[in-house]
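Survey of secondary and tertiary structure
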Amino acid sequence: MTETIRIRPLTAEAFAPFGDVLDTSGVPDKMINAGLCGRYHDRAKLDFADGRAGISLFHAELRSLPLILDLVERHPDGSQAFLPMSLDPFLVIVAPDQNGQPGQPMAFETAPGQGVNYHRGTWHGVLTPLTAPGLFAVVDRIGPGANLEEHRYTRKILIDR
Ligand SMILES: NC(=O)N[C@@H](O)C(=O)O
Ligand code: NI
C-alpha cells in the first residue's frame, strides 16, 4: 500500500521543531549601511560541535513530483542550512525522531527566496529542488567523522501536492 504525503507551505511555526526558516518577512531587526539595508539578524541556531562552520555550494539535480521518498538522513554532529541562490521554491522534507528512527515524514514547499536551517540531528530529506537552477549555498559542519546517519524506508512513500 502506497502512502502519499501532501506538501504544505513552509511556515516558521510548523518547522520550529525541526529548524529555522530564513526569510525577510516582516520588519528587519536593524537597518544598516546608512539605512540602505535591512538586516534580519542572527536568524538560525547553528551548531557544529567539535567541527567548524563551512560554506559549500550545491548544484543539485532537479526532481519532479510525485517524489518517491526512500531515504532520510540526519547529521548528529551539526546543523545544516540551505540558502537558495535563486528565488525558486524547493522541497523540504523532515521527520521527528522516535527512539533513534524517523517518525512520520512531513513535506513543505518553501516560498521564493526562503532558506532553511536544519537543527543538529534533525531527520531530513536530501536537497530537493523542483525547478532550475538547483543552486544553493550550504552552511554546515566541517570536521572529523561522517556526521551522517541514513534511514531507508521499506514502505512506499510518495510526496505530492
Ligand atoms: N550530504 C550532503 O552534503 N548533503 C545532504 O546532507 C543533504 O541534506 O542534502
Ligand atoms: Ni543533510
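Residues numbered from 1 in each chain as written. Chains lettered and ligands numbered in written order. Predicted model: local features only at pLDDT ≥ 70, side-chain atom pairs only at ≥ 80, totals over all residues. Heavy atoms only, no water.

In the annotation of an unreviewed UniProt entry, the entry for the protein chain reads Ureidoglycolate lyase, and the organism field reads Palleronia caenipelagi. Note on the protein chain: under the UniProt heading Subunit (unreviewed entry), the record states "Homodimer." Recorded in UniProt under Catalytic activity (unreviewed entry), the annotation for the protein chain is "(S)-ureidoglycolate = urea + glyoxylate". (UniProt positions renumbered as here; feature names shortened; annotations may be inferred.)

Attention now moves to the coordination of the nickel ion (ligand 2). Around a metal, the idealised angle for a tetrahedral arrangement of four donor atoms is 109.5 degrees; for an octahedral arrangement of six donor atoms it is 90 or 180 degrees. Taken together, Glu73 (OE), His75 (NE2), Gln80 (OE1) and His124 (NE2) make up the protein donors of the nickel ion (ligand 2), found 2.0 to 2.1 Å from the metal. Here the nickel ion (ligand 2) is ringed by 6 donor atoms whose angles at the metal span 73 to 172°, and the overall shape comes out octahedral. Each donor residue of the nickel ion (ligand 2) belongs to the same chain, and together they define the spacing E-x1-H-x4-Q-x43-H. Taken as a pair, glutamine 80 in strand β8 (residues 80-84) and histidine 124 in strand β14 (residues 123-124) lie far apart in primary sequence, 44 residues in all. The pair glutamine 80 / histidine 124 is uniform in exposure class, with both members buried. (Donors = N, O, S within 2.8 Å, 3.2 Å for Na, K, Ca; no water. Tetrahedral: all angles 85-135°; square planar, octahedral: opposite > 155°, others 65-115°. Helix = DSSP H or I, 4+ residues; strand = E, 2+ residues; numbered from the N terminus. Buried < 20%, exposed > 50% of the residue type's maximum accessible area, 1.4 Å probe, protein only.)

The local shell around ligand 1 consists of Phe58, Glu73, His75, Gln80, Phe82, His124, Val126 and Leu127. Within the side chain of glutamate 73, one N or O atom sits 2.5 Å away from an oxygen atom of ligand 1. Taking 260 Å² as the accessible area of ligand 1 by itself, protein coverage stands at 72%. (Near = heavy atom within 4 Å. Polar contact = N/O pair within 3.5 Å; in protein donor to acceptor, adjacent residues only side chain to side chain. Areas by Shrake-Rupley, 256 points an atom, 1.4 Å probe, with all protein chains shown as cover.)

This part covers the nonpolar core. Counting residues in each nonpolar core, the largest one holds 16 residues, and the members touching the most others are Phe15, Phe82, Val92, Val94 and Val116. Sorting the residues of this core by element identifies β9 (90-95), β12 (106-109), β13 (115-118) and β16 (135-142) as the ones contributing at least two each. When residues in this core are grouped by element, the largest group, 3 residues, is from β9. Excluding anything up to four places from it in sequence, valine 92 contacts Phe15, Met106, Ala107, Phe108, Thr110, Val116 and Tyr118. The next biggest cluster of nonpolar side chains, apart from the first, holds 14 residues, and it includes Leu67, Leu69, Ala95 and Ile159. (Core = buried A, V, L, I, M, F, W, Y, C linked by side-chain atoms within 4.5 Å. Contact = heavy atoms within 4.5 Å.)

In this section: empty space enclosed by the protein. The final tally for this structure, using the stated rule, is 1 cavity of 30 Å³ or more. Volume-wise, the largest cavity comes out at about 40 Å³. (1 Å grid on protein atoms, 1.4 Å probe; cavity = no way out; pocket = protein on both sides within 12 Å on 5 of 7 lines; lining within 4 Å. Points joined across faces, edges and corners; volume = space filled by probe spheres on them.)

This next bit is on the layout of surface pockets. Its volume calculated, the largest pocket comes out at about 210 Å³. Lining the largest pocket, in full, are Leu22, Asp23, Thr24, Tyr40, Arg43, Ala44, Leu83, Pro84, Gly113 and Gly115. Taken together, the residues of the lining of the largest pocket sort by class into 5 nonpolar, 3 polar and 2 charged. (Nonpolar A, V, L, I, M, F, W, Y, C, P; charged D, E, K, R; others polar.)

Within a regular beta strand, the side chains point alternately toward one face of the sheet and then the other, so they alternate between its two faces. Alternating residues of β13 divide into Gly115 and Asn117 and Val116 and Tyr118, and every residue in both groups is buried. As defined by bridge partners, strand β2 (residues 19-22) adjoins β13 across 4 bridges and the pair is classed as antiparallel. The residue of β13 that forms the bridge with aspartate 20 is asparagine 117. (Pairing = 2+ DSSP bridges.)

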